[in-house]
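The chain contents come next:
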Amino acid sequence: TFFFFPGLTATEKKLAEYKCNTNEAIQLKLVRFPEDLEDENTTFNPEYSHQVFGDDEVAFGYKGLKILLYYIAGNLSTLFRIEYTSRVNEKFDCVEADDVESKIREIIPPGFCTNTDDFVSLLEKEVNFKPFGMLLHTYSIHNEEAGEDITYQIYKADMTCPGFREYHERLQTFLMWFIETASFIDVDDERWNYFLVFEKYNKDGATLFATVGYMTVYNYYVYPDKTRPRVSQMLILPPFQGEGHGAQLLETVHRYYMSSPTVLDITAEDPSENYVKLRDFVLVKLCQDLVCFSPVKLMQGFSQEMVMEAQQKLKINKQHTRRVYEILRLRATNMGDAEQSRSYRLDVKRRLIGPYKKKQRELAKMRRCLRPEEMTNQLNQIDLNLQREQLEESFQQLVSDYRRVLERLAQA
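Residues numbered from 1 in each chain as written. Predicted model: local features only at pLDDT ≥ 70, side-chain atom pairs only at ≥ 80, totals over all residues. Heavy atoms only, no water.

Stated formally: UniProt positions are given in the numbering used here, feature names are shortened, and annotations may be inferred rather than shown by experiment.
Looking at an unreviewed UniProt entry, one finds the chain named Histone acetyltransferase type B catalytic subunit, with Nesospiza acunhae as its source organism. In the Catalytic activity (unreviewed entry) part of its UniProt record, the chain is described as follows: "L-lysyl-[protein] + acetyl-CoA = N(6)-acetyl-L-lysyl-[protein] + CoA + H(+)".

Spelled out as structure tokens, the structure:
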């Protein structure tokens, strides 16, 4: 992408041509066969590059910049190369090009290839690569394109697995390109658990494994003798997104911790909107057959019994159980019936109004401490009609999210 700015001097215009959008310049690949190197269909780009190239996501000093980051599909051995058609020259342009190479080297571990021949010879050894850790779950997904079922496996690994530390260093580089606020974790802390998804595929009659995605979970200590696993990062690599791997991974992780008597419940650190939707689906799927969520009990309202059963059997905390209840109650409610619909709306809005009520309590406190002229200013910020509108908007948004979860559940 070139950036053109009207009303610039000739020199400025010339320099503007040397700006490249780094999200387009970075070309990622997961390579299984030598021919993948030339196949543009196997290339994908980052969603973000601001953590490496600044908020503008621009590299200066090059025309036709390509930053190639190719990974062997299984063990993620890396090829890193920079290509461009021209570069600014200090002698003539008196400006310096960005040092793109050192910016990328900061996030990719050493030991990468810089030429294709070395990379292809590593590709031939890929047949020796096997997943790390303990197999937890195997599942199949029908692939239209291949016209067959493809098998996937989920493993739990830790830093004691030979070669895993180096593999994880290569794997985590993807976080920078696909999670907006990504950061690398301290792998020397033994409280981290790693869950990995692999695809099994055939190459010349042998079975090989390709990396699909992963999740990191941190085990917090809860007094006196429990832990609270917290999902930190989760990424399904772009070529595999939209196929249901995230749900398989999250459900497998839940089932892994459910079997542990020392786990209190499972939470997530700063979850994204997409993660919340995924979690809603997985938790509703797990909870729908619990006795406490029978239609009769759902219509009687949210209960302590639901909280207890979801926590004890499925390690789900109170806040998430409440969402599960609202989704399942929506399924059991005839929204065409005025009375049922009104009862559901009031029930959900009572929860949603919590933060507004807190604000009102704070105002009441202010009233006691502030002079009248200071008060009016604060009061103007909280208009009751506006509150009602916001509440209704939140409710409608929630119901539409919940309906999508129920649609997905009906297809599962």
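From this point, things continue past the structure.
Quick word on the pairing of strand β12 (residues 206-222)
Counted only if it meets this: Remark: exposure states derive from per-residue accessible area (1.4 Å probe, protein chains only) relative to the maximum for the residue type, with buried under 20%, exposed over 50%, and partly exposed in between. By the criteria applied, helices consist of DSSP H or I runs no shorter than four residues and strands consist of E runs no shorter than two, each listed in order from the N terminus. Between any two strands, at least two bridges found by DSSP are needed for them to pair.
The buried count for β12 comes to 13 of 17 residues, which makes it a mostly enclosed element. Where strand β11 (residues 192-203) folds back on β12, the antiparallel hairpin that results is connected by two residues, among which D204 adopts a positive phi of roughly 50°. A loop of three residues connects β12 with strand β13 (residues 226-236), the two strands running antiparallel in sequence.

Details of the domain arrangement of the chain
Using the following cut-off: All the domain ranges listed were derived from an automatic or database domain assignment. Only heavy atoms matter for contacts: two residues are in contact if any of them lie within 4.5 Å across the pair. Each of two parts loses accessible area, computed with a 1.4 Å probe, when they are put together; buried area is these two losses added. We define a salt bridge as a contact between a side-chain nitrogen of Lys or Arg and a carboxyl oxygen of Asp or Glu at a distance within 4 Å. Think of a polar contact as two N or O atoms within 3.5 Å of one another; within protein, one of them needs to be a possible hydrogen donor and the other a possible acceptor, and neighboring residues in sequence only count if both atoms come from side chains.
Assigned domains of the chain: these are domain 1 (12-126) and domain 2 (127-172 + 179-331). Look at where the C-alpha atoms of domain 1 and domain 2 centre, and you get two points 32 Å apart. Domain 1 puts 20 residues into the contact, and the matching count from domain 2 is 24 residues. Here domain 1 meets domain 2 over a buried area of about 1900 Å², counting both sides, of which 57% is carbon and sulfur. Taken as a group, R32, L76 and E126 account for 30% of the area that domain 1 buries against domain 2, more than any other trio of residues on that side. Our count for the contact surface shared by domain 1 and domain 2 stands at one salt bridge. The partner of E199 in a salt bridge is R32, and the shortest N-O contact between them spans 2.9 Å. Linking domain 1 with domain 2 are 12 residue pairs in polar contact (both at pLDDT 80 or more), by the criterion used here.

Regarding the UniProt feature "domain: Histone acetyltransferase type B catalytic subunit C-terminal" (unreviewed entry) in the chain
Residues annotated in UniProt with the feature "domain: Histone acetyltransferase type B catalytic subunit C-terminal" (unreviewed entry) correspond here to residues 279-330. In residues 279-330, the share of helix is 73% and the share of strand is 0%. The end C-alpha atoms are 17 Å apart.

Concerning unusual backbone geometry
A cis geometry characterises the amide bond from Y223 onward to P224, with omega recorded as 0°. Inspection of the secondary structure puts P224 in the loop between β12 and β13. The backbone phi angle of D204 is positive, close to 50°, even though this residue is not glycine. Checked against the element boundaries, D204 lands in the loop between β11 and β12. The class for D204 is exposed, based on a relative accessible area of 77%. Positive phi values are uncommon outside glycine, yet K315 reaches one of about 60°. Position of K315 relative to the elements: it lies in the loop between α12 (304-314) and α13 (318-332).

Details of the sheet that holds strand β9 (residues 134-143)
By way of backbone hydrogen bonds, the strands of a sheet pair with one another, either parallel or antiparallel. Strand order in the open sheet made by the six strands is β9-β10-β11-β12-β13-β14, with mixed pairing throughout. Each end of this open sheet is capped by a strand with a single partner; those strands are β9 and β14 (267-268). Relative to β12, β11 is paired through 12 bridges, and the arrangement is antiparallel. Within the sheet, the bridge partner assigned to W192 lies in β12 and is Y218.

Let's talk about the packing of helix α14 (residues 338-352) against helix α15 (residues 354-369)
Condition: For helices, the axis comes from a line fit to the C-alpha atoms of the stretch in contact; other axes are also lines fit to C-alpha atoms, and the angle between any two N-to-C directions lies between 0 and 180 degrees. Angle categories: roughly parallel below 35 degrees, roughly antiparallel above 145, roughly perpendicular from 65 to 115, and oblique for all the rest. Gly counts as polar in this scheme, as do all residues outside two lists: the nonpolar Ala, Val, Leu, Ile, Met, Phe, Trp, Tyr, Cys and Pro, and the charged Asp, Glu, Lys and Arg.
For the pair α14 and α15, interaxial distance at closest approach is 5 Å and the crossing angle is 45°. As summarised for this structure, α14 and α15 are arranged oblique, according to the angle between their axes. Between α14 and α15, the residues in contact are R350, R351 and L352 and G354, P355 and Y356, respectively. For the contact of α14 with α15, the class distribution of residues is three nonpolar, one polar and two charged.

Some remarks on the layout of surface pockets
Applied cut-off: Every definition here rests on a 1 Å grid over the protein atoms only: cavities are sets of points where a 1.4 Å probe fits but cannot get out, pockets are open sets enclosed by protein on both sides within 12 Å along at least five of seven lines, and lining residues have some atom within 4 Å of a point. Grid points are joined across faces, edges and corners, and a volume is the space filled by probe spheres set on the points.
In this model, the largest pocket occupies a volume close to 1300 Å³. Lining the largest pocket are 40 residues, with I179, M234, S272, N274 and Y275 sitting closest to its centre. Secondary-structure elements contributing two or more residues to the lining of the largest pocket are β13, α9 (245-258), α10 (273-287) and α17 (384-411). For the lining of the largest pocket, the element with the highest residue contribution is β13, accounting for seven residues. For the lining of the largest pocket, a count of residues per class yields 19 nonpolar, 11 polar and 10 charged. If you add up the space inside the second largest pocket, you get close to 780 Å³. Looking at the second largest pocket, it is lined by 28 residues, and the ones nearest its centre are R32, N143, I150, E199 and F240. Listed by contribution, the elements that provide at least two residues to the lining of the second largest pocket are β3 (43-44), β10 (148-157), β11 and β12.

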